[in-house]
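Coordinates in review
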Amino acid sequence: QKVETIILQGRECLERRDLNCALIFFNKAQSIDAEHDLVKSLAAKIKAFQMEIQTRAREREKAIAAFIKKAKACRAKNNYDCTIAQANRALQLDSNNFDAIRMKSEAELSKRQQIANKNKVGILVQEGRECLKKKKYNCAVGKADSALDIIPDNAAALQLRKAAIHEQNKLKSSIKIN
C-alpha cells in the first residue's frame, strides 16, 4: 500500500509537470520495491516526460538559433530595428542568451548613432543651404562635403553639393565672359 501512495504522489507531480518532485517520489517507491508494476509504470512516464522536455529544449534552441541568424542578417543590412526585434524574440526564449543580448545592445547603440548622424547631417545641409542663398558657394560645398563624410550617400547633401558646384561654375563662366 505504501508504494501505491508514493506512486500516486509521483503521478500528481507529473500532472503538475514537476519533474523533480516526480523523481523524488519515484526514488522513494523504487527503494521500497523496484519491481513493482506501478514503479515501472511511473519510470516509463518519467522517461517520456524527460524526452518531451529534451525535445522542447532542442526546439527552443533551434528557434533561438533561427532568431539569432535573422538578427545577424538584419545587422548586416544595418537594419537596427529588425536586429533588435529578432534579438528580442530570442531573448523571450532565453533571457540570458549572450549573442542576443550583445546584438541587441550593439543595434541600440548603432541606432542612436544613426539618429545622431542624421540630425548632424540635417544641420549641415541646412547650414549649407543658407550658405548657398548667400552665394557662399565654397561654404555650401564644404558643408555638403562634411555631411557626406558622415553619411556618404545622403541625397540632400549630394543635391546641395551639386547645386553649389553648379552655381559656382556659372559664376566662374560669367566672370570669364565679361
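Residues numbered from 1 in each chain as written. Predicted model: local features only at pLDDT ≥ 70, side-chain atom pairs only at ≥ 80, totals over all residues. Heavy atoms only, no water.

We now examine the overall build of the protein chain. Looking only at helices and strands, one finds 7 helices and 0 strands in the protein chain. Ordered by position from the N terminus, the helices and strands of the protein chain form the series α-α-α-α-α-α-α. What you see for the protein chain is a C-alpha radius of gyration of 34 Å, clearly larger than the 16 Å of a compact globule of 178 residues, by over 25%. Over its C-alpha atoms, taken along the principal directions, the protein chain stretches across nearly 115 × 20 × 20 Å. Counting across all 178 residues of the protein chain, residues that qualify as buried make up 29%. When the accessible area of the protein chain is evaluated, it comes to approximately 11,900 Å², of which 53% is carbon and sulfur surface. Of the side-chain charges in the protein chain, 35 are positive and 21 negative, and the distance between the mean point of each set is 12 Å. (Helix = DSSP H or I, 4+ residues; strand = E, 2+ residues; numbered from the N terminus. Rg over C-alpha atoms; globule rule 2.2 N^0.38 Å. Buried < 20%, exposed > 50% of the residue type's maximum accessible area, 1.4 Å probe, protein only. Areas by Shrake-Rupley, 256 points an atom, 1.4 Å probe, with all protein chains shown as cover. Lys, Arg positive; Asp, Glu negative; His and termini not counted. Charge placed at Lys NZ, Arg CZ, Asp CG, Glu CD.)

Further remarks concern the packing of helix H1 (residues 2-15) against helix H2 (residues 19-32). Where H1 contacts H2, the axes come no closer than 8 Å and their chain directions differ by 160°. Taken together, the axes of H1 and H2 are roughly antiparallel relative to one another. Between H1 and H2 lies a crossing whose hand is left-handed. Contacts between H1 and H2 involve Lys 2, Val 3, Ile 6, Ile 7, Gln 9, Gly 10, Cys 13 and Leu 14 from the former and Cys 21, Ala 22, Phe 25, Lys 28, Ala 29 and Ile 32 from the latter. The residue inventory of the contact of H1 with H2, partitioned by class, reads 10 nonpolar, 2 polar and 2 charged. (Axes fitted to C-alpha atoms, helices over the stretch in contact; angles between N-to-C directions. Parallel < 35°, antiparallel > 145°, perpendicular 65-115°, else oblique. Left-handed = near helix turned anticlockwise from the far one by under 90°. Contact = heavy atoms within 4.5 Å. Nonpolar A, V, L, I, M, F, W, Y, C, P; charged D, E, K, R; others polar.)

The next point concerns the state of the cysteines. In the structure shown here, the tally under the stated rule is 3 disulfides. The disulfide partner of Cys 13 is Cys 21, and the S-S distance across this bridge is 1.8 Å. Between Cys 74 and Cys 82 runs a disulfide, and the two sulfur atoms are separated by 1.8 Å. Judged by its relative accessible area of 10%, Cys 74 is buried. A relative accessible area of 22% means that Cys 82 is categorised as partly exposed. For the protein chain, the bonded cysteines connect in the pattern 1-2, 3-4, 5-6 when numbered consecutively along the sequence. (Disulfide = S-S within 2.5 Å.)

As a further point, take the packing of H1 against helix H3 (residues 37-76). Taken N-terminus to C-terminus, the directions of H1 and H3 make an angle of 15°; their axes are 10 Å apart at the nearest point. Taken together, the axes of H1 and H3 lie roughly parallel to each other. Every pair of crossing elements has a handedness; the one defined by H1 and H3 is left-handed. Contacts from Val 3, Glu 4, Ile 7, Gly 10, Arg 11 and Leu 14 in H1 reach Leu 38, Val 39, Ser 41, Leu 42, Lys 45, Ile 46 and Phe 49 in H3. The residue makeup of the contact of H1 with H3, split by class, is 8 nonpolar, 2 polar and 3 charged.

Below, the discussion takes up unusual backbone geometry. Residues other than glycine seldom take positive phi values, yet Arg 17 does so here, at roughly 65°. Here Arg 17 lies in the loop between H1 and H2. With phi around 55°, Asn 78 is a residue other than glycine that occupies positive phi space. Take Asn 78: it is sitting in the loop between H3 and helix H4 (80-93). Taking the relative accessible area as the measure of exposure, Asn 78 reaches 47% and is therefore partly exposed.

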